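Okay, here's what each chain looks like letter by letter:
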Amino acid sequence: MMAADEPRAAEAVAHIQWDEAGEARSAQWRSERDVPPPKSVVTTDDRMTADEAYGLACQGIAMIWRSDFQNARQLLVALAARADRKPKRRAAEGGPPALPAEQFNRVRQVRSQRSRTLGMLLIELDADYGIALRRAPDVGQACLQAFGPAQGPSIISLREL
């Protein structure tokens, strides 16, 4: 057993890979919640509608944002609005009401799906935790505190950022 003050063995660093303009790219994956990197990634910008982005996110396709930072935040709000829509009730739905345990599990499932969906909008951080997007905030100090010294470019979910 390891003592509390002993340094831990170096953890495996996860990487995310994607193609951009015909070039294979890769960066370190950052996740405070230890979410694994998405397997399918595309780059996107202001030309993508919220409905298109929501469709991709629901399919598990992550989107690296390449335009104005504030527009990425607006897209995240739009994705949340779509995720929070009440599902249409089926006309034939009848029967006894769900048990509390079933209701609890259903709510947890919905929240988990919402979290996964909203986590599909990604931001690239440079080697100094800078964001190379218009109107992007300076998150360098916060990332340094959260992750320690940068070891090259990395990708993080906008929601976690």
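Rules of the game
- Residues numbered from 1 in each chain as written.
- Predicted model: local features only at pLDDT ≥ 70, side-chain atom pairs only at ≥ 80, totals over all residues.
- Heavy atoms only, no water.
- Helix = DSSP H or I, 4+ residues; strand = E, 2+ residues; numbered from the N terminus.
- Salt bridge = Lys/Arg side-chain N within 4 Å of Asp/Glu carboxyl O.
- Buried < 20%, exposed > 50% of the residue type's maximum accessible area, 1.4 Å probe, protein only.
- Pairing = 2+ DSSP bridges.
- Axes fitted to C-alpha atoms, helices over the stretch in contact; angles between N-to-C directions.
- Contact = heavy atoms within 4.5 Å.
- Polar contact = N/O pair within 3.5 Å; in protein donor to acceptor, adjacent residues only side chain to side chain.

Peer 1: Just give me the short version of the environment of arginine 82, but keep the residues and values in it.
Peer 2: Relative to the assigned elements, arginine 82 resides in helix α2 (residues 69-83). Here the alpha-carbon distance between arginine 82 and arginine 114, two residues 32 residues apart in the chain, equals 9.5 Å.

Peer 1: Describe the pattern of salt bridges, with residues and values.
Peer 2: Inspection of the entire model under this criterion finds 10 salt bridges. One salt bridge in this structure joins aspartate 84 and arginine 114, with 2.6 Å as the shortest N-O distance. Of the two residues, aspartate 84 is situated in the loop between α2 and α3 (100-118) and arginine 114 in helix α3; the sequence distance between them amounts to 30 residues. The partly exposed category is assigned to aspartate 84, whose relative accessible area is 44%. Of the residues examined, arginine 114 reaches a relative accessible area of 24% and is grouped as partly exposed. One salt-bridge network, in which partners are shared between bridges, spans Glu20, Arg25, Arg66 and Glu124.

Peer 1: Go over the sheet that holds strand β1 (residues 15-20), please, and point to the residues and values.
Peer 2: Taken in spatial order, the six strands make up an open sheet running β1-β2-β6-β5-β4-β3, and their pairing is mixed. On the outer flanks of this sheet lie β1 and β3 (40-44), each paired with one strand and no other. On average, each strand axis in the sheet is tilted by 40° relative to the strand beside it, whichever way the strands run. Where strand β5 (residues 121-125) and strand β6 (residues 154-157) come together, four bridges link them in antiparallel fashion. The partner of leucine 122 across the bridge, within β6, is serine 157. Seen against the sheet, helix α1 (residues 50-58) touches β3 and β4 (61-65) and runs at an angle of roughly 130° to β4. The strands that α2 touches are β4 and β5; relative to β5, the one it contacts most, it runs at about 155°.

Peer 1: Report on the side chain of aspartate 68, specifying residues and quantitative values.
Peer 2: Mapped onto the elements, aspartate 68 comes out in the loop between β4 and α2. Within the local environment of aspartate 68, its side chain forms a polar contact with the side chain of arginine 135, the two groups lying 2.7 Å apart. The contact partners of aspartate 68, leaving out residues within four places of it in the chain, are Asp46, Arg134 and Arg135.

Peer 1: Provide a residue-level description of the pairing of strand β2 (residues 23-30), including the pertinent values.
Peer 2: Taken together, the six bridges between β1 and β2 define a ladder with antiparallel strand orientation. Opposite aspartate 19, over in β2, you have alanine 24 as the bridge partner. As paired elements, β2 and β6 share three bridges and run parallel to each other. Bridge assignment links glutamine 28 to a residue of β6, and that residue is serine 154.

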